[in-house]
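So you can see what is in the structure, the chains are spelled out below.
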Amino acid sequence: TSQEVENEREFNYVEGSGKGPEDWGHIHEEWRLCKNGEMQSPIDLTHERVQVVSRLGRLKRGYKPSNATLKNRGHDIMLKWVDDAGSINVNGTEYKLKQLHWHSPSEHTINGSSYDLEVHMVHESSDNKFAVVGIMYTIGRPDTFLSELMGQIKSLADRHDMEIAAGVVDPRHLKMGSRKYYRYLGSLTTPPCTEGVIWTIVRKVRTVSREQVRLLRLAVEDNAERNARPTQAVNEHDEREWNY
Ligand code: MLT
Ligand code: ZN
């Protein structure tokens, strides 16, 4: 989308490199929200401003299998649907599923603890508003959705900007589990850190194998130790409160 960054090499997760999270807001004028935004993500999900909501079914997921590509964006691996992969409906607004990508370790934390992996399913409305669904993973049995993509992800290792066909990928194969989730209003976690993003983080923590996490990390630039933005301060006077 227009709000995504074209040259991903312009930022990284290395502290002190001049391009790390603490500097994102200074790199481009259009990225200033990364430093002076008022509802930045990620955050600790146990914060009182975060709502715990039952019935994920209310998201009204209407996903379908569709053609996708896999891309090494340098800072992450992204699975992007080329054709219509369906949508979710949040509070009466339709958000189309565009792409998903992985962060390791997790960006959001729960009670101060981070997890080994977090997937973000990025949805966008016709008026360019974002709704992101996040799922957290801890080391254990392999994630079956990732298992099917391992060969292709391997072929992307260290190939910044390379994009390959991934065939038909069914977003319904991504297991979400429980119907409980955290909900708050935040931002994109990468530049330009656009605000007004509706976050939905599934409460049930799933598992991923050590090998799968290792591969996702190895694939990105400089064998990145991490591609997770640190948690952001919550402005006590902000507008995160959400009416259901
Ligand atoms: C996010 O989840 O906020 C992202 O990392 C945005 C993106 O896809 O670039
Ligand atoms: Zn993300």
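Anything mentioned here points back to the structure above.
This one's a predicted model, so the numbers in the text were calculated from it and none came from an experiment.

A. View of the coordination of the zinc ion (ligand 2). For the zinc ion (ligand 2), the full set of protein donor atoms is H101 (NE2), H103 (NE2) and H120 (ND1), and the range of their distances to it is 2.0 to 2.1 Å. In primary sequence terms, the donor set of the zinc ion (ligand 2) follows H-x1-H-x16-H. One end of the pair, H101, is in strand β6 (residues 93-103); the other, H120, is in strand β7 (residues 117-124), and 19 residues separate them in sequence. Of the two residues, H101 and H120, both sit in the buried class.

B. The arrangement of the packing of aromatic side chains in detail. The tally for this structure, following the rule as stated, stands at five aromatic pairs. Ring plane angle 85° and centroid distance 6.1 Å describe the contact between F11 and W31, whose orientation is recorded as edge-to-face. Here the residue F11 occupies a position in the segment before α1 (24-27), and W31 occupies one in the loop between α1 and α2 (33-36), the gap between them amounting to 20 residues. Note on accessibility: F11 and W31 belong to one class, buried. Between Y184 and W199, the ring centres sit 6.5 Å apart and the planes meet at 10°, which makes this aromatic pair stacked. In this pair, Y184 is assigned in strand β10 (residues 181-187) and W199 in strand β11 (residues 195-202), connecting sequence segments 15 residues apart. With respect to class, Y184 is no different from W199; both count as buried.

C. Spotlight on the pattern of salt bridges. For the coordinates displayed, the defined rule picks out six salt bridges. We note a salt bridge from R73 to D76, for which the minimum N-O separation is 2.8 Å. Here D76 falls in the buried class, since its relative accessible area comes to 1%. Notably, a salt bridge pairs E211 with R214, separated by 3.3 Å at the nearest N-O pair.

D. Quick peek at the nonpolar core. Within the largest apolar cluster, 42 residues are counted, with the highest numbers of intra-cluster contacts made by L70, I77, L79, L100, W102 and I153. If we ignore the near neighbours within four places in the chain, the residues touching I77 are L70, K71, N72, L100, H101, W102, I153, L156, L216, A219 and V220. Of all hydrophobic cores here, the second largest spans 15 residues; its members include V50, Y182, V197 and V234.

E. Broad picture of the pairing of β7. The element β7 is largely enclosed, with a buried count of eight among its eight residues. Every second residue of β7 is oriented toward a common face, with L117, V119, M121 and H123 on one face and E118, H120, V122 and E124 on the other, all of them buried. Relative to β7, β6 runs antiparallel, the two sharing seven bridges. Directly across from W102, in β7, lies its bridge partner V119. As paired elements, β7 and strand β8 (residues 130-139) share eight bridges and run antiparallel to each other. Bridged to V119 within β8 is I135. The turn linking β7 back onto β8 is made up of five residues, and N128 within it adopts a positive phi angle of 60°.

F. Just the state of the cysteines, in detail. For the coordinates displayed, the defined rule picks out one disulfide. What pairs with C34 in a disulfide is C193, and their sulfur atoms sit 2.1 Å apart. Every disulfide takes its handedness from the sign of the S-S torsion; for C34 and C193 that torsion is 95°, giving right-handed. Of this pair, C34 sits in helix α2 while C193 sits in the loop between β10 and β11; the two residues are 159 residues apart in sequence, bridging distant segments of the chain. Each member of the pair C34 and C193 is classed as buried.

G. Quick peek at the site of ligand 1. By nearness alone, every residue bordering ligand 1 is listed as R73, Q99, H101, H103, H120, L188, T189, T190 and W199. Against a free-state accessible area of 270 Å², the protein chains account for coverage of 96% of ligand 1. At three residues, β6 tops the list of elements feeding residues into the shell around ligand 1. Grouping the constituent residues of the shell around ligand 1 by class yields two nonpolar, six polar and one charged.

H. Fine view of empty space enclosed by the protein. With the rule as written, the count across this model stands at two cavities of 30 Å³ or more. Class assignment of the residues belonging to the lining of the second largest cavity gives a composition of five nonpolar, two polar and three charged.

Conventions adopted
Residues numbered from 1 in each chain as written. Chains lettered and ligands numbered in written order. Predicted model: local features only at pLDDT ≥ 70, side-chain atom pairs only at ≥ 80, totals over all residues. Heavy atoms only, no water. Donors = N, O, S within 2.8 Å, 3.2 Å for Na, K, Ca; no water. Helix = DSSP H or I, 4+ residues; strand = E, 2+ residues; numbered from the N terminus. Buried < 20%, exposed > 50% of the residue type's maximum accessible area, 1.4 Å probe, protein only. Phe/Tyr/Trp six-rings, centres within 6.5 Å; stacked < 30°, edge-to-face > 60°. Salt bridge = Lys/Arg side-chain N within 4 Å of Asp/Glu carboxyl O. Core = buried A, V, L, I, M, F, W, Y, C linked by side-chain atoms within 4.5 Å. Contact = heavy atoms within 4.5 Å. Pairing = 2+ DSSP bridges. Disulfide = S-S within 2.5 Å. Near = heavy atom within 4 Å. Areas by Shrake-Rupley, 256 points an atom, 1.4 Å probe, with all protein chains shown as cover. Nonpolar A, V, L, I, M, F, W, Y, C, P; charged D, E, K, R; others polar. 1 Å grid on protein atoms, 1.4 Å probe; cavity = no way out; pocket = protein on both sides within 12 Å on 5 of 7 lines; lining within 4 Å. Points joined across faces, edges and corners; volume = space filled by probe spheres on them.

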